[in-house]
Amino acid sequence: MESWFTKVDQTASLIQEELEVSYLEAVYLTGVNLFEGVILQEEILHNEVLSKRLKKEYESFDLAHMSKEELRKGYQLAILKGMKEATQAHHQMTPDAVSLFVSYLVSKMTSGKKVLSILDPAVGTANLLTALFNHLPGKEVTGFGIEVDDLLVKLALSNANLQEHQIEFFNQDALADLFIDPVDLVVCDLPVGYYPDDINSQKFQLKSNSGHSLAHHLFIEQSFRYTKPGGNLIFLVPNSMFEGDQAKALHDFIKEHGVIQGLLQLPTTMFKKKEHAKSIFILQKKGPDVKLPKQALLAELPTFSNKQAMEGMIQRIDQWFATEFEGQV
Ligand code: SAM
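The text that follows walks through the structure, step by step, so that each part is easy to find. Computed from a predicted structure; not experimentally measured.

Focus on the site of the ligand
- Taken together, 21 residues lie around the ligand, and T94, T125, E147, D173 and A174 are the ones closest in.
- Interatomic distance of 3.1 Å between a backbone N/O atom of L128 and an oxygen atom of the ligand.
- At 2.6 Å, a side-chain N or O of E147 approaches an oxygen atom of the ligand.
- Within the complex, the protein chains bury 93% of what would otherwise be the 600 Å² of accessible surface of the ligand.
- The residue inventory of the shell around the ligand, partitioned by class, reads ten nonpolar, eight polar and three charged.

So, in structure tokens, the structure goes:
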């Protein structure tokens, strides 16, 4: 995995210097070259020394011998390096530990399914979405990713291509109409904050009566719209979502359209500031066979590095799935 990261890093740095683009843009461009097996940038082809060097670097690496998880993790490291230089907090990639934990939840939830469609309406770099794909072996999975930022969606595309996942990406506002059919499962690390488009927010039940609406509330409503009856939804939500004057409207909306399966609080040590701490919110959309769980899964997760406590928690969650869930998705 390290040599893969080094390969992406070195070739991206060469491209960055030659084309005078950001490191992140260069990570995307080198990802595309690696996937296509050719150098696609005209300007580079005019520089014989550089194109020879890049070609040699690309040819010395065999993608076919890498696992999809290794490809994801190495590419993710390069993206993280680029993000440190460039991005604002709300563009942050979902941390690996969280992506892996959500993958575990999804594999439990979908154990009874052979064919599955998944939507991430705030797909970012597709780190979370492709981590899920990598933990669903033996299933036919199709994915849809929506992202408003054009560089992030390009990174997501080359990330998914390198891992050879069947994911369709849409570069658009996820709160506008989506050109997809309802899916079995929505997974989303929600963008938190105010949604600036007051006109579009009018079509949402969860719009604010004065001023901007909360993007994370509208995202939940939009996600329900694109989930099949009985389908599941997993959100990373700010802990503060359950407080404040908009919380009741959100609660009423969820009660009307869905069932709360669980709420797992992530360890606060994962977040730089306590106010930014998040939880994993597990829901199911109402449908003909959907029942209220006997007991929702409510827990504060231990620090992921505390192996013993984590094993105990996994046992408890496994037990919960065995009694409540039985692969309903
Ligand atoms: N799970 C992602 C990953 O693994 O990289 C990270 C998601 S990040 C917390 C939230 C993302 O939502 C950001 O990439 C941001 O650009 C995107 N976003 C914010 N508002 C959006 C909108 N209205 N439509 C689509 N995407 C949006």
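Picking up where we left off.
Re helix α1 (residues 2–19)
- Between its first and last C-alpha, α1 extends 25 Å over 18 residues, near the 26 Å set by a 1.5 Å rise per residue.
- All of the buried residues along α1 are W4, F5, K7, V8, D9, T11, A12, L14, I15 and L19.
- Lining the buried residues of α1 we find α2 (23–36), α3 (42–45), α4 (48–59), α5 (68–86) and α8 (150–162).
- E20, located one to two residues past α1, shows a positive phi value of around 50°.

Things to note about the nonpolar core
- Grouped together as the largest cluster of nonpolar side chains are 41 residues, with contacts concentrated most on I118, L264, I280 and I317.
- Here this core takes seven residues from helix α6 (residues 96–109), the largest share from any one element.
- Apart from the residues lying within four places of it in its own chain, the contact partners of I280 are F101, V102, L105, I234, F235, L236, G262, L263, L264, L266 and L301.

Definitions and cut-offs
- Residues numbered from 1 in each chain as written.
- Predicted model: local features only at pLDDT ≥ 70, side-chain atom pairs only at ≥ 80, totals over all residues.
- Heavy atoms only, no water.
- Near = heavy atom within 4 Å.
- Polar contact = N/O pair within 3.5 Å; in protein donor to acceptor, adjacent residues only side chain to side chain.
- Areas by Shrake-Rupley, 256 points an atom, 1.4 Å probe, with all protein chains shown as cover.
- Nonpolar A, V, L, I, M, F, W, Y, C, P; charged D, E, K, R; others polar.
- Helix = DSSP H or I, 4+ residues; strand = E, 2+ residues; numbered from the N terminus.
- Expected span 1.5 Å × (residues − 1).
- Buried < 20%, exposed > 50% of the residue type's maximum accessible area, 1.4 Å probe, protein only.
- Contact = heavy atoms within 4.5 Å.
- Core = buried A, V, L, I, M, F, W, Y, C linked by side-chain atoms within 4.5 Å.

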